Amino acid sequence: MKLFDTLKNIWKIEELKTRILTTLGLILVYRLGTEIVLPGIDPAGLAALQEQTASNGVLGLLDMFSGGAFSNASIFALGIMPYISASIVVQLLGIAVPYFQRMQREGESGRRKINQITRYLTVIILILQGSAYLTNLHMQIQPEFFLIKGTFFTIYSVAILAAGSMFVLWLGEKITDKGIGNGVSIIIMIGIIARLPFAFFAELTSRVSQQGGGLVAFLIEIVVLFFVFCGSILLVQGTRKVPVQYAKRIVGNKQYGGVRQYIPLKINAAGVMPIIFAQAIMLLPISIISYSTDGASALAAAFSNFTGFWYNFTFFVLIVAFTYFYTAITVNPMQMAEDMKKNGGFIPGVKPGRKTMEFLDTIMSRITLPGSIFLGLVAIMPAFATIAGVNQQFAQFYGGTSLLILVGVVLDTLQQIESHLLMRHYDGLMKTGRIKGKTPGGPAAY
């Protein structure tokens, strides 16, 4: 009854109802676009591309993020990932290049300039990735399935792929402005969820078949998946609260400050970025297979085995290292200490200034260690699930980037819905407490 009452309350709020319906409508447009094949390609010849995508871990990951558009040779085949790649590059430039650092400090005008540069960089990445995608299409699809051939096909197909990806970005921005939740994150999440029903029923069918283990084995998998989701929520939500006391100030007849607040330091401040960086590094050994010596080929072959020991061990170590690296460049204890000092705040028992910076840096180093280890375990969980006999598509939901994105986006969207309910004096979504959505901002939120 509590659930039905909450749904009725959501429907009573006109603004919230309009936002949810707008979000669903834009998602429907996106899903329809993933089924539209590039002009000049016969859809009957896509079987080879789909088989390659299913057997290749990296291409399978891209296909999952694009909601199946990659393997369908759709106009949305490149999806939203080029924009995310451009955002990551610009964010890293903001750490290393003084020009971008100045723009970050310029407020709204600087943010508009950064967004414009990000879009220009996205177009450049789209042109490069579009050409590479078409080259892969010509390798996987038989020539007779190309209804239009030659340079003209390449030029207009790259233009269509780039325009499709930018249209997906526009849909994401409209969801953010007119809908509910972060639009780019929701589009990625929808692409992940779109594959869940097929993977679920494929796993159920394989288990109820002969020598599949039966329903008992399937129920055990579901229970394990439930606990993996619970652990991922803890990883996304976990924070270390650092108390901050603000000095009292008397202005006229009013007192300002004198209250204790908290700085929430996240256990996993890096989000999914360490997994993305580690996956990019792991692609290097695979790329040298075709033109390397026998010893190097054997090494590359070992790193091509996604369920092998050396692949997962190296993957785990890289994730731990990149978690420390990305946390160090995104969380600035010195800036936090300076801002605290300017506003008259201090940590009880710690001197303002350098001592506060060292104190915050020590805390971040300590909480990042268990966070990085837990993140590494979540990232390699699909390999353990595959070894245990779980279908490869269904095993992707046992961990990795897809699971963390799914959990983070759902929590963030539910938090926004709950905020609308609480503003109208309705109860929140959860009877036992409020939802603490993930920290917004930056590619780490993806």
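Whatever comes next refers back to the structure up there.
So, a few notes on the structure that sits alongside this text. (Residues numbered from 1 in each chain as written. Predicted model: local features only at pLDDT ≥ 70, side-chain atom pairs only at ≥ 80, totals over all residues. Heavy atoms only, no water.)

Notes on the sheet that holds strand S1 (residues 239-246)
In plain terms, the rule: When DSSP finds two or more bridges between a pair of strands, those strands are recorded as paired. What counts as a helix is a DSSP run of H or I of at least four residues, what counts as a strand is a run of E of at least two, and both are numbered from the N terminus. Here, residues are in contact when the closest pair of their heavy atoms is within 4.5 Å. Angles here are taken between N-to-C directions and fall from 0 to 180 degrees, while the axes themselves are lines fitted to C-alpha atoms, restricted in helices to the stretch in contact.
Taken together, 3 strands build an open sheet; the order of strands is S4-S1-S5 and the sheet is antiparallel. The open sheet terminates on both sides in strands that have one partner only, identified here as strand S4 (260-266) and strand S5 (345-346). Pairing analysis gives 7 bridges linking S1 to S4, with the strands arranged antiparallel. When the sheet's bridge partners are listed, Pro243 is paired in S4 with Tyr262. Of the strands in this sheet, S1 and S4 touch helix H16 (residues 354-387), which is tilted by about 45° from S4.

Re the packing of aromatic side chains
How we decide: Think of it this way: a Phe, Tyr or Trp ring, Trp meaning its six-membered ring, pairs with another when their centres are within 6.5 Å, and the plane angle makes it stacked under 30 degrees, edge-to-face over 60, tilted otherwise. Categorising residues by exposure relies on relative accessible area from a 1.4 Å probe, with only protein chains included: less than 20% of the type maximum marks a residue as buried, more than 50% marks it as exposed, and the intermediate range marks it as partly exposed.
On inspection of all chains with the given rule, the structure shows 17 aromatic pairs. Taken together, a centroid distance of 6.1 Å and an interplanar angle of 90° make the contact between Trp310 and Phe313 edge-to-face. A residue pair is termed a helical-turn pair when its members lie 3 or 4 positions apart in one helix, as Trp310 and Phe313 do in helix H14 (residues 309-330) at 3 residues. Residue Trp310 is classed as exposed on the basis of its relative accessible area of 52%. By relative accessible area, which is 41% here, Phe313 ends up partly exposed.

Examining the pattern of salt bridges
Test applied: Throughout this description, the term salt bridge denotes a Lys or Arg side-chain nitrogen within 4 Å of a carboxyl oxygen of Asp or Glu.
This structure, assessed with the given rule, holds 9 salt bridges. With its nearest N and O atoms 3.5 Å apart, the salt bridge here joins Glu15 to Arg19. Of this pair, Glu15 and Arg19 both sit in helix H2 (residues 14-33), 4 residues apart, which is roughly one turn of the helix. Between Arg207 and Glu221 there is a salt bridge, with its nearest N and O atoms 2.5 Å apart.

What about the side chain of Lys17?
Mapped onto the elements, Lys17 comes out in helix H2. Residue class for Lys17 comes out buried when judged on its relative accessible area of 18%. For Lys17, the contacting residues outside a window of four places in its chain are Ile10 and Trp11.

Description of the packing of H14 against H16
Filter applied, for reference: For any helix crossing, the convention is left-handed if the near helix is rotated counterclockwise from the far helix by under a right angle, and right-handed if that rotation is clockwise. The residue classification treats Ala, Val, Leu, Ile, Met, Phe, Trp, Tyr, Cys and Pro as nonpolar and Asp, Glu, Lys and Arg as charged. All others, Gly included, are polar.
One can describe the packing of H14 onto H16 by two numbers: an axis separation of 9 Å at closest approach and a directional angle of 145°. For the pair H14 and H16, the crossing hand works out as right-handed. Along its contact with H14, which presents Asn312, Phe315, Phe316, Ile319, Val320, Thr323, Tyr324 and Thr327, the element H16 presents Met364, Ser365, Thr368, Leu369, Ser372, Ile373, Leu375, Gly376, Leu377, Ala379, Ile380 and Ala383. Along the lines of polarity and charge, the residues of the contact of H14 with H16 split into 13 nonpolar, 7 polar and no charged.

A few points about the packing of helix H15 (residues 333-342) against H16
What counts here: Comment on the angle field: the value is read as roughly parallel under 35 degrees, roughly antiparallel over 145, roughly perpendicular from 65 to 115, and oblique elsewhere.
Packing of H15 against H16 leaves a shortest axis separation of 8 Å and a crossing angle of 135°. What the angle tells us is that H15 and H16 run oblique. Two packed elements cross with a definite hand, and for H15 against H16 that hand is right-handed. Between H15 and H16, the residues in contact are Pro333, Met334, Met336, Ala337 and Met340 and Thr356, Met357, Leu360 and Asp361, respectively. Tallied by class, the residues present in the contact of H15 with H16 amount to 7 nonpolar, 1 polar and 1 charged.

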